Structures are given as C-alpha cells and as structure tokens.
Amino acid sequence: MKRSLELAEKLIHQSYLEKEEYMELLGSYQDKETVVCLGQEAARLREKYYGNKVYMRGLIEFTNFCKNNCYYCGIRRDNKNASRYRLTEEEILDCCKNGYELGFRTFVLQGGEDPYYTDERICTIIEEIKKRYPDCAVTLSIGEKERASYQAYFDAGADRYLLRHETADEVHYQKLHPSQMSLAHRKQCLRELKEIGYQTGCGFMVGSPGQTLDTLYEDLVFIKELQPEMVGIGPFIPHHDTKFAEEPAGSVDLTLFLLSVIRILLPQVL
C-alpha cells in the first residue's frame, strides 16, 4: 500500500496523525486513491449522522461597512470603491418574512464589523426575530466583540455564531491582517463563544497568500482542539480592490480534500 493510503487509513482509524504525517497526507491531495479513500469515509460519516438532508440557511447580508482593514477583503475599511449599504431593522425583518415563507428556519445575520449596529440595536433585532419566528434559529456572523456583547446577544436569543479564524498560525495571520488585529484575540473570541453556550463555527480560506502545509496543519490542530459545532472553509478568491488582487485563487481540489479530513476529525460537525 502506498504511503498516502496508509496515512489515510491511520487517520480514519485513529483520528490522529503526527505533524509530519499530516503534512505528507495533505501533500497527496491530488492522489486519486487517497482522495477516494478519505472521501468515502467522510461520506459514510456524514450519512451516519445527517443522512441525505441538506440544511438551508437564510443569509442576510445586512451591512458591508467595516472598521477593519483585512488585506484580502473587498469590504475592508480603506476600499473606497465599495458601494456601502446598511439595512434597516424593518428591511431585515422583511427578509426574515420572505425567508420564512420560503421554508427557511435559520436566519444568519452577517456583515462587516460596523459600529453603527450597537449591541442594543443587534439585541433588538434578535429579540424581534425570535418573537415573530420562535421556531427559527438566529445565527450571527459579525466579527470580533467583547465577551459582554456576545453574552448580550445570546441572552437576546441568538443561537449560533460564525467567526472564521482564517489561519491558526501567528506569522501567517499577520500577513493577512493589519497589526491592530491579533490571532490571540480571535481565538479568545471563539473560546468565549463556546463557553457562553453558542453553537460556534470557525474556518479558514484554502490557498490564502502565504499558506503552507505547516499553516494548514496548525488549522487542523486548532479545529480539533476547539471542537466547534460548525466549520466553514472555502477557496481563497482574490478581490480586485485588495493587495492580493494578482494572487492565484485557492484550489477547489484541496478544499474538498480538507473537507474530508475535517469530517473524519469531527464526525458530527456542520
């Protein structure tokens, strides 16, 4: 048996690899037999826990203002070409009404880190959604906040929180973000969200500038340690109004390979 298949089998049976083994396995993401081996096990686990159901989420992008200046992001603060908007509470609730009629039972409020939406405004919106649609879950994806803010949203009725860590490697994190932002704070936010009781989601871009097998290993270790309820990963897509405009896009094949690995590491993750 070839080495990559041996490592795939070891991951399947032990849910653990040494760093060198992980890196060797990740380097084989284009080997067809290894891809099939991991993919079949990931599909088996997915079917075991979730069958063939697809869970639809009603995503409401309610603001594209952001105080941050992340180097990869099209809505970063210093992008003067972005056409900015904010939805009113009424517009957000109209989206929920339309979504509910279409059958959505999870609403995701997602936006930049926009200071206009104070804790009070966010809590009011959450409470009104819950009042009108008590059988629905509310997910937030609005970035890094202080613990007291997270607690207030949770007390208002928020169920889930998505906060991609983007990379678990400190040096790589600084290549993607301005110095005012810190990986330590991002990780602290994720841990606090879990402590409060949210269903918590992390994740990262595949193929982001500066990413290596080393940094991917750190991502997998962090995800395994955090034990999130949700993981979101996807290929890096260069945005024309950022410093990474000329960088190549991330690999779809590697993304799918990593999805299989993550499913094996966390069989019940969403």
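Right above here is the structure, for reference.
First, a word on what this report is: a plain description of the structure on this page. As the structure is a computational prediction, the values presented were derived from the model and not from experiment. (Residues numbered from 1 in each chain as written. Predicted model: local features only at pLDDT ≥ 70, side-chain atom pairs only at ≥ 80, totals over all residues. Heavy atoms only, no water.)

What about the sheet that holds strand 3 (residues 137–141)?
As a reminder, the rule being used: Paired strands, as defined in this entry, are two strands with at least two bridges between them according to DSSP. Secondary structure elements follow DSSP: runs of H or I no shorter than four residues count as helices, runs of E no shorter than two count as strands, and numbering proceeds from the N terminus. As a rule, the C-alpha atoms of each element are fitted with a line to give its axis, helices using only the stretch in contact, and angles between N-to-C directions run from 0 to 180 degrees. Residue contacts are defined here by distance: any two heavy atoms, one from each residue, within 4.5 Å place the two residues in contact.
Taken together, the six strands give an open sheet; going across it, the order is 1-2-3-4-5-6, and neighbouring strands pair in parallel fashion. In this open sheet, the two strands that pair with only one neighbour each are strand 1 (58–63) and strand 6 (230–235). In this sheet, neighbouring strand axes are inclined to one another by 20° on average, regardless of whether the strands run parallel or antiparallel. Sheet topology places strand 4 (residues 160–162) next to strand 5 (residues 199–206); three bridges connect them, and they run parallel. The partner of Arg160 across the bridge, within strand 5, is Gln199. Across the sheet, helix 9 (residues 213–226) touches strand 5 and strand 6, and the angle it forms with strand 5 is around 175°.

Quick notes on a nonpolar patch on the surface
Operational definition: Each patch is built from salt-bridge-free residues with over 30% relative accessible area, joining like charges within 9 Å and nonpolar side chains (Val, Leu, Ile, Met, Phe, Trp, Tyr) within 5 Å. In these tables, accessible area is a Shrake-Rupley quantity obtained with a 1.4 Å probe, and a residue counts as shielded only by the protein chains included in the view. Salt-bridge detection follows one rule: a side-chain nitrogen of Lys or Arg within 4 Å of a carboxyl oxygen of Asp or Glu.
Where nonpolar side chains cluster on the molecular surface, the patch consists of Val252, Leu256 and Leu259 and spans about 260 Å² of accessible area. Mapped onto the fold, Leu259 is located in helix 10 (residues 252–265).

What about the packing of helix 1 (residues 3–14) against helix 3 (residues 32–50)?
Heads up, the rule is: Working definition: roughly parallel below 35 degrees, roughly antiparallel above 145 degrees, roughly perpendicular at 65 to 115 degrees, and oblique for all remaining angles. Here a crossing is called left-handed whenever its near helix is offset anticlockwise from the far helix by less than a right angle, and right-handed whenever the offset is clockwise. Residues are grouped as follows: nonpolar covers Ala, Val, Leu, Ile, Met, Phe, Trp, Tyr, Cys and Pro; charged covers Asp, Glu, Lys and Arg; every other residue, Gly included, is treated as polar.
Contact geometry for helix 1 and helix 3: axes closest at 9 Å, N-to-C directions at 15°. Between helix 1 and helix 3, the angle is such that the two are roughly parallel. Crossing handedness for the pair helix 1 and helix 3: right-handed. Here helix 1 contributes Ser4, Leu5, Ala8, Glu9, Leu11 and Ile12 to the contact with helix 3, which in turn contributes Glu33, Thr34, Cys37, Leu38 and Glu41. Residue composition of the contact of helix 1 with helix 3, by class: six nonpolar, two polar and three charged.

Observations concerning the state of the cysteines
Here a disulfide denotes one covalent bond, and it connects the sulfur atoms of two cysteines. To keep it simple, the criterion reads: Disulfides are defined as pairs of cysteine sulfur atoms found within 2.5 Å of each other.
Under the criterion given, the structure shown has zero disulfides. Free of any disulfide, Cys95 has its nearest cysteine sulfur in Cys96, 6.9 Å distant.

Here we look at the packing of helix 9 against helix 10
Here helix 9 crosses helix 10 at 30°, and the two axes come no closer than 11 Å. Overall, the two elements helix 9 and helix 10 adopt an arrangement that is roughly parallel. Seen from above, helix 9 lies across helix 10 with right-handed handedness. Of the residues in helix 10, those touching helix 9 at Leu216, Leu220, Ile223 and Lys224 are Leu254, Leu258, Val261, Ile262 and Leu265.

Topic: the side chain of Thr34
The condition that has to hold: Each residue is placed in one exposure class: buried if its accessible area under a 1.4 Å probe, protein chains only, is under 20% of its type's maximum, exposed if it is over 50%, and partly exposed if it falls in between.
Considering the arrangement of structural elements, one finds Thr34 in helix 3. Overall, Thr34 belongs to the buried group, its relative accessible area being 0%. Residues within four places of Thr34 in sequence aside, it is in contact with Ser4, Leu5, Ala8, Leu25, Ser28 and Phe257.

Let's talk about the pattern of salt bridges
Counting across every chain of the model gives 17 salt bridges. Here Glu33 and Lys2 are joined by a salt bridge, their closest N and O atoms 2.9 Å apart. In this pair, Glu33 is assigned in helix 3 and Lys2 in the segment before helix 1, connecting sequence segments 31 residues apart. Overall, Glu33 belongs to the partly exposed group, its relative accessible area being 46%. You can call Lys2 partly exposed: its relative accessible area is 33%. The closest approach of N and O atoms between Asp114 and Arg86, which form a salt bridge, is 2.7 Å. Here Asp114 is found in the loop between strand 2 (106–111) and helix 5 (119–132), whereas its partner Arg86 is found in the loop between strand 1 and helix 4 (89–102), with 28 residues between them in sequence. Relative accessible area serves as the criterion here: at 36%, Arg86 is assigned to the partly exposed category. Through salt bridges with shared partners, a single ionic network connects Lys2, Asp31 and Glu33.

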